[in-house]
There are 2 protein chains.
Amino acid sequence: MEIKVVHQILEWNEDCSDGIKADLKEKKVCLINVMGSPGAGKTSIITSVIGKLSGKYDIGVIEGDIAGQIDAEKMKSLGVPVVQLNTDGMCHIEAMSIKNILPDFDLDKLDIIFVENIGNLVCPAEFNIGESFRVALLSIPEGDDKVEKYPLMFQTTDALVLNKYDMIRYFDFDEQRVTANALDVNPDVEIFKVSNKTGEGMDEFVAWLERKIDA
Amino acid sequence: MEIKVVHQILEWNEDCSDGIKADLKEKKVCLINVMGSPGAGKTSIITSVIGKLSGKYDIGVIEGDIAGQIDAEKMKSLGVPVVQLNTDGMCHIEAMSIKNILPDFDLDKLDIIFVENIGNLVCPAEFNIGESFRVALLSIPEGDDKVEKYPLMFQTTDALVLNKYDMIRYFDFDEQRVTANALDVNPDVEIFKVSNKTGEGMDEFVAWLERKIDA
């Protein structure tokens, strides 16, 4: 009974996601779904990437949060259009929420919309939200067993960004293990080692984003 | 429509949780629901606590994971009875799963069962699982805005354990902010600063656990 309900919700979500994809393709807007655990560094990475891309592209942001608007306020200070999406306790963003929010943006003037999903390695991976592609963050302090424990997130992402890489000396983190596990479930995944704090690895990640956006 | 379904599931879960509570009270077994983000240190903390309590109490563990049995294998090496609960993709543990697992333990011989919930700051907080009390972990690298962003978890827990506290010098983490936010949503919460790695603060946390278990 429960499984049936979830299945119906997923199916309905999928139709809605396809509709968003078609609309955004027409408007030439690239929607990037950024996911990861609480504290993996989603807001900071998006902020830095906007700084690097804003000369070339017009950018908007949808800030997903269960409650509050801490991150949306950070984004607003960058001078980009931001919509706060509060899920009121829900653990992921669904396509219908994105569909409802898109009219708040002037899509003719935008090239990219970043969606910062809810901090969660589980549920967001199950829901397509009309994205052009996905980016999953995993920060070094979270540990090297996360791909094995939360496979769907890493199986369905286009890029795996190992963030807080400057911290690797302080943590017992086996990089080979994570890389091997990620390629095992997702042979085409691009893996980046970055530190948003020191800037290490960010140029490679941003160059990849540009190639995906322009494609 | 969706909301109604979720409501029914929650109600049904609550009845099941109450049933477990009654059964465990009769058997004098304390069930401890341990929650936190992926990588907050749930397995390591439970392992250390078992080391400190195993002379005094008989202990069992239920290891919740979406996939795999990495943590259950770690626990088994401690010589305590362990049951691996794989949720097959589901983002939280429900009471019915605990009810189904309890017959696998010899409850007459146990004083404590630790449940390591799925690594997730959102959904597990919504589901009572028949626990005697809750422990929520927040590790320093996750950042100091997490209580504001994921309020239900911190509102419903009996203890907030700030783990990886030895790392506070490397991260921009405002301890006052977290403490104030936690007490704001949950005035009775007990807050502990611990490092499982250095052992700092663990004795205070374990002493509190003993008082709760003996109560």
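Now for a look at the structure at hand. The structure presented is a predicted model; accordingly, all values stated were derived computationally and were not measured.

Residue and element names in this part refer to chain A. Taken in spatial order, the seven strands of this open sheet run β3-β2-β4-β1-β5-β6-β7, and their pairing is parallel. Where the open sheet ends on each side, the last strands, each with one partner, are β3 (82-86) and β7 (190-193). Averaged over all neighbouring strand pairs, the angle between strand axes comes to 20°, with direction disregarded. Across five bridges, the pairing between strand β2 (residues 59-65) and β3 is parallel. Its bridge partner being in β3, I62 is matched across the sheet by V83. Each of β1 (30-36), β2, β4 (112-116), β5 (133-139) and β6 (159-163) is contacted by helix α2 (residues 42-53), which is oriented at about 165° to β4, the strand it contacts most.

Looking now at the relation of the copies chain B and chain A. One copy of the chain maps onto the second through a rotation about an axis and a displacement along it. Its rotation angle being 180°, the transformation that places chain B on chain A also includes 0.0 Å of axial translation and leaves an RMSD of 0.0 Å. Both copies are brought into coincidence by an operation consistent with a two-fold rotation axis. Comparing interface residues between copies, 100% of those in chain B also lie at the interface in chain A; the contact surface is shared.

So, on to α2(A). Residue and element names in this part refer to chain A. For α2, which comprises twelve residues, the first-to-last C-alpha distance of 16 Å matches the rise-based estimate of 16 Å (1.5 Å per residue) to within 8%. Considered for burial, the residues of α2 that qualify are K42, T43, I45, I46, V49, I50 and L53. Down the axis, α2 shows its buried residues gathered within 160° of arc, on one side only.

Residue and element names in this part refer to chain A. Positionally, V115 belongs in strand β4. Separated by 17 residues in sequence, V115 and I98 place their C-alpha atoms 8.9 Å apart. What V115 contacts, discounting residues up to four positions off in sequence, is L31, I32, N33, V34, I62, I93, I98 and I129.

A few words on the nonpolar core. Residues I98(A), I113(A), F154(A), I98(B), I113(B) and F154(B) are the most contacted members of the largest nonpolar core, which totals 86 residues. What I98(A) contacts, discounting residues up to four positions off in sequence, is I20(A), L31(A), I62(A), I93(A), V115(A) and I129(A).

It is worth spelling out helix α7 (residues 175-185) of chain B at this point. Spacing of three or four residues puts side chains on the same side of an α-helix, whose turn is 3.6 residues. Residues and elements named next belong to chain B. Within the sequence span of α7, burial applies to E175, V178, N181 and A182. End-on, the buried residues of α7 take up no more than an arc of 140°, which puts them together on one face. Every exposed residue of α7 that faces more than 90 degrees away from the buried side is listed here: Q176 and D184. For α7, the elements touching its buried residues are β5 (133-139), α5 (146-149), β6 (159-163) and β7 (190-193). By the N-cap criterion, in which a side-chain oxygen at the helix start approaches the backbone nitrogen of a residue two or three places on, α7 is capped by D174, the distance to Q176 being 3.1 Å.

Right, let's get into the interface of chain B and chain A. Across the boundary between the two partners, chain B contributes 39 residues, which contact 39 residues of chain A. Approximately 2800 Å² of surface area, both sides summed, lies buried where chain B meets chain A, with 61% of it carried by carbon and sulfur atoms. When residues of chain B are sorted by the area they lose upon contact with chain A, P38(B), K149(B) and Y170(B) head the list and together hold 21% of the total. Linking chain B with chain A are two salt bridges. Here D71(B) makes a salt bridge to K149(A), at a shortest N to O gap of 2.6 Å. In this assembly, chain B and chain A are joined by eight residue pairs in polar contact (both at pLDDT 80 or more). No other element matches the four residues that helix α1 (residues 2-27) of chain B contributes to the side of chain B that touches chain A. Grouping the amino acids of the side of chain B that touches chain A by side-chain chemistry returns 19 nonpolar, six polar and 14 charged.

Cut-offs applied
- Residues numbered from 1 in each chain as written.
- Chains lettered and ligands numbered in written order.
- Predicted model: local features only at pLDDT ≥ 70, side-chain atom pairs only at ≥ 80, totals over all residues.
- Heavy atoms only, no water.
- Pairing = 2+ DSSP bridges.
- Helix = DSSP H or I, 4+ residues; strand = E, 2+ residues; numbered from the N terminus.
- Axes fitted to C-alpha atoms, helices over the stretch in contact; angles between N-to-C directions.
- Contact = heavy atoms within 4.5 Å.
- Least-squares fit on C-alpha atoms with pLDDT ≥ 70 in both.
- Expected span 1.5 Å × (residues − 1).
- Buried < 20%, exposed > 50% of the residue type's maximum accessible area, 1.4 Å probe, protein only.
- Arc of directions from axis to C-beta.
- Core = buried A, V, L, I, M, F, W, Y, C linked by side-chain atoms within 4.5 Å.
- Polar contact = N/O pair within 3.5 Å; in protein donor to acceptor, adjacent residues only side chain to side chain.
- Buried area = accessible area lost by both parts, 1.4 Å probe.
- Salt bridge = Lys/Arg side-chain N within 4 Å of Asp/Glu carboxyl O.
- Nonpolar A, V, L, I, M, F, W, Y, C, P; charged D, E, K, R; others polar.

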